[in-house]
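Chain and residue survey
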Amino acid sequence: MIRFFEVKQQLFGNDKLAKDITIDDLDDDDREALKVGVVQIAGRDTSNRQIFVSLPGIRQFRRLLNEMRARFYTAMQALSSEQTQRKGAVSIYYTVGSFNDRSKRVGFFEIRRLKLSLPIHIAAIHFCLDDPKQYIILKVGLSAASPKILTRVKVHYGSHL
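Everything in this summary refers to the structure shown in the same document. A quick note: this is a predicted structure, and the numbers were derived from the prediction, not measured. (Residues numbered from 1 in each chain as written. Predicted model: local features only at pLDDT ≥ 70, side-chain atom pairs only at ≥ 80, totals over all residues. Heavy atoms only, no water.)

What follows is about unusual backbone geometry. We note that Asn48 has phi near 65°; this positive angle belongs to a residue other than glycine. Overall, the relative accessible area of 30% leaves Asn48 in the partly exposed class. (Buried < 20%, exposed > 50% of the residue type's maximum accessible area, 1.4 Å probe, protein only.)

Pasting the structure below:
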């Protein structure tokens, strides 16, 4: 929980630590990053878990801070649901075709820190890939993962339908 408040403080300052973040707390550049939709809330799965879809190929932001604040806001909106707090969420990372990440992983560590700080249980992760190198690296990395992790992570390789 300490990490959550550290990240929130870095993104929004001391005066927002004890407040819920609203759309009014986002500046114009943050709102533009939000409109791009790099992270979207896409309904619920059959277990009634919130679905997050990440489309790294459409990343556009003036500064990385704008995308980080938009991501934080999106996650907090999902967490406003008691159902999401109880059941958790499913994350879909879609990098097929034009949705492949062309940003050279700009902000990778900052976004990872944000994701790890959020008080949300990610019940499952789906990686959708069309790059054989990414697929192999991910599969090799997952080969060292615990069985508990492996049951929650699925890797899909292919192209658009």
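Having put the structure on the table, let's press on.
Right, let's get into the pattern of salt bridges. Considering all chains together, one arrives at 10 salt bridges under this definition. Between Arg62 and Asp29 there is a salt bridge; the shortest N-O distance is 3.2 Å. Pair noted here: Arg62 is in the loop between strand E2 (50-54) and helix H3 (64-79) and Asp29 is in helix H2 (residues 28-36), with a separation of 33 residues, a long-range link. Arg62 sits in the exposed class, given a relative accessible area of 68%. The salt bridge partner of Arg59 is Glu67, with a shortest N-O separation of 2.9 Å. Glu67 shares its class with Arg59; the two are buried. (Salt bridge = Lys/Arg side-chain N within 4 Å of Asp/Glu carboxyl O. Helix = DSSP H or I, 4+ residues; strand = E, 2+ residues; numbered from the N terminus.)

The next subject is empty space enclosed by the protein. Applying the stated criterion across every chain, the model contains 1 cavity of 30 Å³ or more. By volume, the largest cavity amounts to about 40 Å³. Around the largest cavity sit Ala33, Leu34, Gly37, Val38, Val39, Glu67, Ala70, Arg71 and Thr74, which together line it. Taken together, the elements giving at least two residues each to the lining of the largest cavity come down to H2 and H3. Examining the composition of the lining of the largest cavity, we find that 4 residues originate from one element, H3, more than from any other. Among the residues forming the lining of the largest cavity, the class breakdown is 5 nonpolar, 2 polar and 2 charged. (1 Å grid on protein atoms, 1.4 Å probe; cavity = no way out; pocket = protein on both sides within 12 Å on 5 of 7 lines; lining within 4 Å. Points joined across faces, edges and corners; volume = space filled by probe spheres on them. Nonpolar A, V, L, I, M, F, W, Y, C, P; charged D, E, K, R; others polar.)

What follows is about the side chain of Ser54. Among the structural elements, Ser54 can be located in strand E2. Residue class for Ser54 comes out buried when judged on its relative accessible area of 8%.

Right, let's get into the layout of surface pockets. There is about 1400 Å³ of room inside the largest pocket. For the largest pocket, the lining is made up of 33 residues, of which Tyr93, Arg112, Lys115, Ile125 and Phe127 are closest to its centre. Of all elements in the fold, only E2, H3, strand E3 (89-95), helix H5 (108-117), strand E4 (122-129) and helix H6 (132-143) reach the threshold of two or more residues within the lining of the largest pocket. Looking at the lining of the largest pocket, the element that brings in the most residues is H5, giving 6 residues. Per-class residue counts for the lining of the largest pocket are 22 nonpolar, 4 polar and 7 charged. Taken as a whole, the second largest pocket holds about 210 Å³ of empty space.

Further remarks concern the nonpolar core. Within the largest apolar cluster, 22 residues are counted, with the highest numbers of intra-cluster contacts made by Leu11, Phe72, Met76, Leu114 and Leu118. Among the elements of the structure, helix H1 (2-12), H3 and H5 are those that each provide at least two residues to this core. If we skip the residues at most four places from it in the chain, Met76 touches Phe4, Leu118 and Pro119. Formed by 6 residues, the second largest nonpolar core is a distinct cluster that contains Phe127, Leu129, Val153 and Val155. (Core = buried A, V, L, I, M, F, W, Y, C linked by side-chain atoms within 4.5 Å. Contact = heavy atoms within 4.5 Å.)

Distances and angles like these do not, on their own, reveal function.
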